[in-house]
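# Summary of structural features
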Amino acid sequence: MGLNVSLSIFLMFLALCSAIPNKRKQYTPCKHLVLYFHDIIYNGNNAANATSAIVAAPEGANLTKLTGQFHFGNIVVFDDPITLDNNLRSKPVGRAQGFYIYDTKNTFTSWLGFTFILNSIDHEGTITFAGADPTLQKSRDISIIGGTGDFFMHRGIVTIMTDAFEGEVYFRLRVDIKLHECW
Amino acid sequence: MGLNVSLSIFLMFLALCSAIPNKRKQYTPCKHLVLYFHDIIYNGNNAANATSAIVAAPEGANLTKLTGQFHFGNIVVFDDPITLDNNLRSKPVGRAQGFYIYDTKNTFTSWLGFTFILNSIDHEGTITFAGADPTLQKSRDISIIGGTGDFFMHRGIVTIMTDAFEGEVYFRLRVDIKLHECW
Amino acid sequence: MGLNVSLSIFLMFLALCSAIPNKRKQYTPCKHLVLYFHDIIYNGNNAANATSAIVAAPEGANLTKLTGQFHFGNIVVFDDPITLDNNLRSKPVGRAQGFYIYDTKNTFTSWLGFTFILNSIDHEGTITFAGADPTLQKSRDISIIGGTGDFFMHRGIVTIMTDAFEGEVYFRLRVDIKLHECW
């Protein structure tokens, strides 16, 4: 019984300690994938290999470049290859399809709604994402709101990092997919 | 105890067998609805009975017909009647409202974000859907990401089938709504 | 024991009564927040303080005012301040970022996809919303489809009320955020 009391006190102390630096509980994902996807924005001259296009913009802006400092509102539709590593030429394991919206007047942020359609030996199914992306932060979290196939009814969090960025034409995102609800 | 051992071996064998043909678990929905909805795309001449309109397109495309082979990015906003059978003239039991995006350059696929607003004797509430729709496949699964009213906090999967398609003006979808999380 | 029987009968009676007027179960949220957000639509002359802009519209409509009676399909992108009270000048506790779509030809309804990015002493994290908003109803429910940070993996329902509306330039929404799945 003395051991039990000691253990209880130790656990209470542990709980107290961990509560101070970070009040949030930590969870281990039930599934975990790291993938990359590659976005090549249509600029008027690259129709053959562009994977995305600006399709909407506010008054006074146009559809082949991002709107200026005091405009925002570009909507971009994309169909991007997904790869296992950071090489655009690697064999795709699926496609990332959906849209993003540039939604701040004085910095780069976006709102994302898209789906990973995975079709490889390892994974067959879809994962759907939605949320705000403060693009200039090193890493940012978006919600995983649903899945089908191998990811039937799954939910979770994806941590996105910009892995490369070349002007306003190409960027590559590293996505760390942590599924916390599996079925 | 002999029975227990036999049962254990049998169950292990069963688990092994079922793992080979299909590793996925099968679930029975807690609620199940089959409905139809009808989309009439505005083509410049049918304002009175159109239920949807192209509202965004990439540079060089226009808003009254789908962009050509090497363009994509049309965004369509819709407010479509929902019926219990496949007849456009049947009394609607609700409205399907939201948008879809054509998001591939070399085939028909779309990304859907929309809500069923049901208002009938049987059902009162909303069901919200999001996900990728590879339109040319016979049946495809989309995530059900939330609900309200009778569908408070529900989640699930919807299997979509194109039930009819008339040129670029009318299509009808059969939606098999399988709710797997009910409250 | 007589008391227990009486209590049981009373509870059964209570359950029966409450079942007749409303068959739905009632749930108490695990977290509850009331917030306001403020939307100032760009009208061609208010670039400095506008927080949203029309970025897409059907054929024949334009991007600085809402489309007429027989058009619909405006897409509005926004980055709105969130406040604790109904005063636009109060110190923001975060931003509401995303989009809405006007999606009916003969009344005002919209489809919403957006995220609250909260960054205050009380809350740090995001809450993502999606669903249909029948704007003219006094209160309407939208689904909360995901969260991050303090709202990691949360889901719930938000009840939206239009708290003020000034022409086609300014509106303020009161949002009653009820989280029913907390982690």
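Quick summary incoming for the structure in this document. (Residues numbered from 1 in each chain as written. Chains lettered and ligands numbered in written order. Predicted model: local features only at pLDDT ≥ 70, side-chain atom pairs only at ≥ 80, totals over all residues. Heavy atoms only, no water.)

Of the regular secondary structure elements, chain A holds one helix and nine strands. Burial statistics for chain A: of 183 residues in total, 52% are counted as buried. Taking the intrachain contacts of chain A between residues at least 6 apart in sequence as the baseline, contacts between residues at least 24 apart amount to 45%. Element-wise, carbon and sulfur atoms account for 59% of the exposed surface of chain A, whose accessible area totals about 8,700 Å². (Helix = DSSP H or I, 4+ residues; strand = E, 2+ residues; numbered from the N terminus. Buried < 20%, exposed > 50% of the residue type's maximum accessible area, 1.4 Å probe, protein only. Contact = heavy atoms within 4.5 Å. Areas by Shrake-Rupley, 256 points an atom, 1.4 Å probe, with all protein chains shown as cover.)

Attention now goes to the pairing of strand β2 (residues 52-56) of chain B. All names here are of chain B. Among the five residues in β2, five count as buried, and that is most of the element. Note: β2 against strand β3 (residues 75-83), four bridges, orientation antiparallel. Paired with Ile54 across the strands is Val76, a residue of β3. (Pairing = 2+ DSSP bridges.)

As a further point, take the relation of the copies chain C and chain A. Superposing chain C onto chain A takes a rotation of 120 degrees combined with a translation of 0.0 Å along the rotation axis, leaving an RMSD of 0.0 Å. Given the turn and translation reported, the copies of this chain are related as if by a three-fold rotation axis. When C-alpha positions in chain C are compared against the rotation axis, the closest is assigned to C:Ala56, at 3.2 Å. Here only 15% of the interface residues in chain C have copies in chain A that are interface residues too; the copies meet through unlike faces. (Least-squares fit on C-alpha atoms with pLDDT ≥ 70 in both.)

Among the nonpolar cores identified, the biggest contains 42 residues, and A:Ile75, A:Phe99, B:Ile75, B:Phe99, C:Ile75 and C:Phe99 are the most heavily contacted of them. Not counting chain neighbours up to four residues away, the residues in contact with A:Ile75 comprise A:Ala53, A:Ile54, A:Val55, A:Ala56, A:Phe99, A:Tyr100, A:Ile101, B:Ile75, C:Val55, C:Ile75 and C:Val77. (Core = buried A, V, L, I, M, F, W, Y, C linked by side-chain atoms within 4.5 Å.)

Our focus in this paragraph is the state of the cysteines. All names here are of chain B. Applying the stated criterion across every chain, the model contains three disulfides over all chains. A disulfide bridge connects Cys30 with Cys182, and the sulfur atoms are separated by 2.1 Å. On the sign convention where negative means left-handed, the S-S torsion of about 90 degrees between Cys30 and Cys182 marks this disulfide as right-handed. In this pair, Cys30 is assigned in the loop between α1 (2-19) and β1 (31-40) and Cys182 in the segment after β9 (170-181), connecting sequence segments 152 residues apart. (Disulfide = S-S within 2.5 Å.)

All right, on to the interface of chain C and chain A then. Size of an interface: often given as the accessible area lost when the parts come together. Across the boundary between the two partners, chain C contributes 39 residues, which contact 31 residues of chain A. Note on chain C versus chain A: buried area summed over both sides is about 2,600 Å², and carbon and sulfur give 64% of it. On the surface where chain C and chain A come into contact, there are eight residue pairs in polar contact (both at pLDDT 80 or more). When contributions to the side of chain C that touches chain A are tallied by element, the ones reaching two or more residues are β2 (52-56), β3 (75-83), β4 (94-102), β5 (110-119), β6 (124-133) and β7 (139-149) of chain C. Considered class by class, the residues forming the side of chain C that touches chain A number 19 nonpolar, 14 polar and six charged. (Buried area = accessible area lost by both parts, 1.4 Å probe. Polar contact = N/O pair within 3.5 Å; in protein donor to acceptor, adjacent residues only side chain to side chain. Nonpolar A, V, L, I, M, F, W, Y, C, P; charged D, E, K, R; others polar.)

Once that is clear, we can look at the side chain of B:Thr148. As for its position among the elements, B:Thr148 is in strand β7 (residues 139-149). For B:Thr148, the residues in contact, after removing those within four places along its chain, are B:Gly125, B:Thr126, C:Asp141, C:Ile142, C:Ser143 and C:Ile157.

Moving on: unusual backbone geometry. In this structure, B:Met153 is a non-glycine residue whose phi angle is positive, near 65 degrees. With respect to the helices, strands and loops of the structure, B:Met153 is situated in the loop between β7 and β8 (155-166).

On the side of chain B, 39 residues touch chain C, which itself brings 31 residues to the contact. Carbon and sulfur atoms supply 63% of the area buried between chain C and chain B, which totals about 2,600 Å² over both sides. Of all residues in chain C, C:Glu59, C:Trp111 and C:Arg155 bury the most surface against chain B, accounting for 22% of the area lost on that side. Taken together, chain C and chain B are joined by one salt bridge. (Salt bridge = Lys/Arg side-chain N within 4 Å of Asp/Glu carboxyl O.)

Let's shift gears to the pattern of salt bridges. Here the structure, examined in full by the defined rule, presents 15 salt bridges over all chains. Between A:Asp133 and A:Arg140 there is a salt bridge, with the nearest N and O atoms lying 2.5 Å from each other. For the pair formed by A:Asp133 and A:Arg140, the shared burial category is buried. Its salt-bridge partner being B:Arg155, residue B:Glu181 comes within 3.3 Å of it at the nearest N-O pair. Of this pair, B:Glu181 sits in strand β9 while B:Arg155 sits in strand β8; the two residues are 26 residues apart in sequence, bridging distant segments of the chain. One salt-bridge network, in which partners are shared between bridges, spans A:Arg155, A:Glu181, B:Arg155, B:Glu181, C:Arg155 and C:Glu181.

Note on aromatic pairs: each is described by the distance of the centres and the angle between the planes. A full pass over the atoms with the stated rule returns 54 aromatic pairs over all chains. Measuring from centroid to centroid gives 5.6 Å for A:Phe99 and C:Phe99, while their planes differ by 90 degrees, and the two rings are edge-to-face. A residue pair is termed interchain when its members come from two chains, as with A:Phe99 in strand β4 (residues 94-102) and C:Phe99 in strand β4. One aromatic cluster is present, built from ring pairs that chain together A:Phe37, A:Phe78, A:Tyr100, A:Tyr102, A:Phe108, A:Phe114, A:Phe116, A:Phe129, A:Phe165 and A:Phe171. (Phe/Tyr/Trp six-rings, centres within 6.5 Å; stacked < 30°, edge-to-face > 60°.)

The next subject is the relation of the copies chain C and chain B. Superposition of chain C onto chain B requires a rotation of 120 degrees combined with a translation of 0.0 Å along the rotation axis, giving an RMSD of 0.0 Å. Counting the interface residues of chain C, we find that no more than 19% of their copies in chain B are interface residues as well, pointing to two distinct contact surfaces.

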